[in-house]
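Now for the letters of each chain:
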Amino acid sequence: MATPEERLAELGVTLPEVVPPLAAYVPAVRTGDHVYTSGQLPLVKGELGVTGKVGAEVSAEEAKEQARICAVNALAAIKALVGDLSQVVRIVKVVGYVASASGFTGQPQVLNGASELFGEVFGEAGRHARSAVGVAVLPLDAPVEVEVIAEVR
């Protein structure tokens, strides 16, 4: 069976360096057998690819891809803490925030970008509980933000 890192490589995904915090927090914290990530923005090389509200300046499909990038950044934060994604026993919970235009109700479909990646990387252990929340605005005018709770060895 392929390791999570091998699955990421098969998907053409390279984990980035952990994004430095934008304020007074750390990217992830381990307590016992769980890792809690801070909210991860869809930053690539320190930049947002798109900004604005989903359903207005950003399409739902674009936002779904941005949620996938958030998930990649969350995996980078987890790996930086535990050393190897094979230490992940299960993705337990994903919370996603979608900067939503008035009347936009597709938050669950946007967050599928993150959820589907976790399934592709961890298989059954990537299936998780989830909340998809519409909000007025996110840091840096990001369209989406994702936080993760993972059980680890």
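I will try to describe carefully the structure that is included in this document. (Residues numbered from 1 in each chain as written. Predicted model: local features only at pLDDT ≥ 70, side-chain atom pairs only at ≥ 80, totals over all residues. Heavy atoms only, no water.)

## Here's the deal with helix α3 (residues 107-122)
The end-to-end C-alpha distance of α3, which contains 16 residues, comes to 23 Å, matching closely the 22 Å that a straight helix rising 1.5 Å per residue would cover. Maximal helix bending in α3 amounts to about 35°, located at glycine 113. Listed as buried for α3 are Gln107, Val110, Leu111, Gly113, Ala114, Ser115, Leu117, Phe118, Val121 and Phe122. Following α3 by one or two positions, glycine 123 has its phi on the positive side, about 65°. (Helix = DSSP H or I, 4+ residues; strand = E, 2+ residues; numbered from the N terminus. Expected span 1.5 Å × (residues − 1). Bend = angle between axes of the 7 residues up to and from the residue. Buried < 20%, exposed > 50% of the residue type's maximum accessible area, 1.4 Å probe, protein only.)

## A look at the pairing of strand β6 (residues 129-135)
Inspection of the sheet shows strand β5 (residues 88-99) paired to β6 by seven bridges, in the parallel sense. Looking at β6, one finds that glycine 96 is bridged to alanine 132. Following the chain from β5 across α3 to the adjacent parallel β6, one finds a crossover that is right-handed. (Pairing = 2+ DSSP bridges. Right-handed = clockwise from strand over helix to strand, strands pointing away.)

## Here's the deal with the sheet that holds strand β7 (residues 144-152)
If you trace the five strands from one edge of the open sheet to the other, you get β1-β2-β7-β5-β6, paired in mixed fashion. Edge positions in the sheet fall to β1 (28-31) and β6, since each of these pairs with one other strand and no more. Each strand of the sheet is rotated relative to its neighbour by a mean of 15°, with strand direction disregarded. Pairing of strand β2 (residues 34-37) with β7, which is carried by three bridges, proceeds in the antiparallel orientation. By the bridge assignment for β7, tyrosine 36 is matched with isoleucine 149. Sitting on the sheet, helix α2 (residues 60-82) is in contact with β1, β2, β5 and β7, with an inclination near 40° to β7. Against the sheet, α3 touches β5, β6 and β7, its axis set at about 150° to β6. (Axes fitted to C-alpha atoms, helices over the stretch in contact; angles between N-to-C directions. Contact = heavy atoms within 4.5 Å.)

## Overview of the side chain of glutamine 66
Tracing the sequence through the fold places glutamine 66 in helix α2. By relative accessible area, which is 8% here, glutamine 66 ends up buried. Non-local contacts of glutamine 66, meaning those with residues more than four positions away in its chain, are made with Pro42, Gly49, Val50, Pro143 and Val144.

## Side note on the pattern of salt bridges
Going through the model one piece at a time under the given rule, you end up with four salt bridges. Linking glutamate 5 and lysine 79 is a salt bridge whose minimum nitrogen-to-oxygen distance equals 3.5 Å. Linking glutamate 5 in helix α1 (residues 4-10) with lysine 79 in helix α2, this pair joins segments that are 74 residues apart in sequence. The partly exposed category is assigned to glutamate 5, whose relative accessible area is 23%. Relative accessible area serves as the criterion here: at 29%, lysine 79 is assigned to the partly exposed category. Two residues, glutamate 124 and arginine 127, come together in a salt bridge whose shortest N-O distance is 3.4 Å. (Salt bridge = Lys/Arg side-chain N within 4 Å of Asp/Glu carboxyl O.)

## A short note on the environment of serine 115
You can see serine 115 is positioned in helix α3. According to the relative accessible area criterion, serine 115 is buried, its value standing at 14%. A C-alpha to C-alpha distance of 7.9 Å links serine 115 and arginine 68, two positions 47 residues apart in sequence. Among residues more than four places away in sequence, those in contact with serine 115 are His128 and Arg130. A polar contact of 2.9 Å, which involves the side chain of serine 115, links it to the side chain of arginine 130. (Polar contact = N/O pair within 3.5 Å; in protein donor to acceptor, adjacent residues only side chain to side chain.)

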